Amino acid sequence: MASGRFHSWGLNPKSNGKPLRLSSRFEPLDLPDNGLVLPFGNGRSYGDSCLNNDGYLLDTHSLDHFIAFDQDTGILRVEAGVLLADILHLVVPRGWFLPVTPGTRFVTIAGAVANDVHGKNHHQAGTFGCHVTALELLRSDGQRLHCSPDENPEWFAATIGGLGLTGLITWVELQLKPVMNPYLQEETLRFSCLDEFFELNKASEESYEHTVAWVDCMARGSALGRGAFYRANHHGSSAPAHRPAAPRQMLGLPFVPPVSLVNRASLRLFNEIYYRKQPLRRSRTVHYQSFFYPLDSIQHWNRMYGPRGFVQYQCVVPEASGNEVFREILAAISASRQGSFMAVLKVFGAKQSPGLMSFPMPGVTLALDFPNAPATTELLERLDELTRAANGVVYPAKDSRMSAESFQRYFPQWQDFSQFIDPRFSSGFWRRVTGESAP
Amino acid sequence: MKVLIIGATSAIAESTARIYAARGDRFFLVARNTLKLEALALDLQVRGASWVGSMVMDACDTDRHQDMLSAAIDGLDGLDLVLIAHGTLPDQDVVQKDYPATLQVLEDNFLSVVSMLTGIANVCEQQGHGTIAVISSVAGDRGRQSNYVYGTAKGGLSVFLQGLRNRLAHAGVNVLTIKPGFVSTPMTAHLNGSGPLWAEPDDIAAGIVKAVEKNRNVVYLPAFWQLIMTVICAVPESIFKRLKL
């Protein structure tokens, strides 16, 4: 199998984990006598939570079978390596949709569980894990644990958001959500400052399933916190008047350019143009792929940052302190002049995930990406300080640099979680944030 | 369509079956591994197959070929397409020192297929329609030191298919020879191949479905292999024998 597939989406850090094939979901794990293993899905987490330096990667590529689908109830059971894209392809024409989806459909279902991913509807639907009805966990000692909210509930909780460390998820059962068609009715509203964003959000949370905002993080002074707010619901009509096509797959980046295409000039230009391009107010019908997965149509967009790759940063802070903290965070980013290509702002809701190590909590979340450069490291340390001070949390799935100290502060439950980790399983991320070394 | 697939759990066969399943076709699947076969049967049903039957059988178990074919035709209630996709890729270093191992390669990749095709050809000829699609390989186009035992099996198979095509053309039955290049599958995993010459099973599957629809005779997948093999076959033997290919 092409070894070029085994890197994370940030192309950073580099890793040398050796792939191990899985023959079928029924076979016990065939592990080498020594060394640590980690399941590897489609490599769409950004940092080192999907990597295992000096160890092995259990390639779940071959676990790509559908197992059962009840078209009446919307209960779907699939193997670990099935992509959300494959699920949508099958279920949308039959009137069902993912209950929660992240910003790319090219993640495996087990990856979505292991990172307990969230989407634009968190304020109403919670995380992906809230909709998992059951899963099977295969441990290195050969034990198979059927896990659900009622059966082995402690293993269920540890595995949702468990970063693939509790064993190999062989299959997942999910409750889908009914839809009338593949379209959403989307409204775009431009805002000129953070206060306006919070007002818009408040006014939209109840009547819109999906809410999210883009922020111009190159803007300074009076323009600080300007951006565009998007809110949408699945189209309720069985025969929408307007039926836009799915976005076409663009060519994308066929290779990694020798230097990053993202720099201060291109960022400022992009953010300025992007802001001006946003209508003051617009309502339209859009295809679900355009709404949920705008970047999926540009293949290998992660390559635009050049060979050094890039760093993602996503934090959440409790809403009480949200407004003030975000003003400081945006000011720090703007002052550092590092800038982010895509800065995404969203208010999480109160729905609790079953996951023990789940990232989302009620509050405001901001996601950013930066070129992998020394100045970025400094800026992110500063953002960590602000997040810690506000009792916030940083998202492990997107991290490649947080300190052990920060992690243990964000996730004080990490020691409880440790007892569920399979003794043969580990990851680069886990060793980094717990100070363990690979044997 | 009523589809019989031998070696159904091979990566290329699985990908191909999924395309047909989405169209609501009927399947009879034959493979060696019970559990993998069960996983595939359920998968095709969820994806839209209107009926899926299966049989666990080692392709080299020629005594069972006739029973398998009867069971398939009974279950499918006819036969429109046969895809033969089983095969093994040996380690040339091992087989060139060991005749029993060489014979096994010929049985896996050539003789077992010939046995199946004997029965299948007669059925298709009699019913006067259908497509027989068989996965051969670019390796069968010219013998090379790095894999000539496998190449011999596939080369023999390609010639057999040529003759069969000629015979069955008169009965309105199409015989399709599929010649994939390097494909990332469990069979080739030990080669650790990557780069522009390597294709994914899904790409090969799409090519197979298209070739079946167009009643093609021989298809190289991906298509650029036709050019590569034309060049390789054009090199004079006196030069070719000195190359390390």
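Preceding this paragraph is the structure being described.
Residues numbered from 1 in each chain as written. Chains lettered and ligands numbered in written order. Predicted model: local features only at pLDDT ≥ 70, side-chain atom pairs only at ≥ 80, totals over all residues.

Draft legend 1. Focus on the overall build of chain B. The secondary structure content of chain B amounts to nine helices and nine strands. For 245 residues, the compact-globule formula gives about 18 Å, and the C-alpha radius of gyration of chain B, at 18 Å, lands near that figure. With the C-alpha coordinates aligned to their principal axes, the bounding extent of chain B is approximately 55 × 40 × 35 Å. (Helix = DSSP H or I, 4+ residues; strand = E, 2+ residues; numbered from the N terminus. Rg over C-alpha atoms; globule rule 2.2 N^0.38 Å.)

Draft legend 2. Broad picture of the pairing of strand E1 (residues 2–6) of chain B. Residue and element names in this part refer to chain B. Burial within E1 is extensive, with five of its five residues counted as buried. Residues Lys-2, Leu-4 and Ile-6 of E1 are buried on one face, and the alternating residues Val-3 and Ile-5, pointing to the opposite face, are buried as well. When E1 meets strand E2 (residues 26–31), the two strands line up parallel, connected through five bridges. Looking at the pairing, Val-3 lines up with Phe-27 of E2. Note that the unit made of E1, helix H1 (residues 11–21) and E2 has a crossover that is right-handed. Two elements, E1 and strand E4 (residues 81–84), share four bridges in a ladder whose sense is parallel. (Buried ≥ 20, exposed ≤ 12 C-beta atoms within 10 Å, placed from the backbone. Pairing = 2+ DSSP bridges. Right-handed = clockwise from strand over helix to strand, strands pointing away.)

Draft legend 3. Quick peek at the pairing of strand E3 (residues 51–56) of chain B. Residue and element names in this part refer to chain B. Bridge count between E2 and E3: six bridges; the pairing is parallel. Of the residues in E3, the one forming a bridge with Leu-29 is Ser-54. One crossover worth recording links E2 to the parallel E3 by way of helix H2 (residues 34–47), and it is right-handed.

Draft legend 4. Seen up close, the environment of Ala85(A). Residues and elements named next belong to chain A. Here Ala-85 lies in helix H1 (residues 84–91). The class of Ala-85 is partly exposed, set by 16 C-beta atoms lying within 10 Å. Measuring from C-alpha to C-alpha, the distance between Ala-85 and Asn-121 comes to 18 Å, with 36 residues separating the pair along the chain.

Draft legend 5. Representation of the interface of chain A and chain B. If you look at the interface, chain A gives 14 residues, while chain B gives 15 residues. Among the elements that make up the side of chain A that touches chain B, the one with the highest residue count is strand E4 (residues 66–70) of chain A (four residues). Residues belonging to the side of chain A that touches chain B are distributed by class as follows: eight nonpolar, four polar and two charged. (Contact = placed C-beta atoms within 7 Å. Nonpolar A, V, L, I, M, F, W, Y, C, P; charged D, E, K, R; others polar.)

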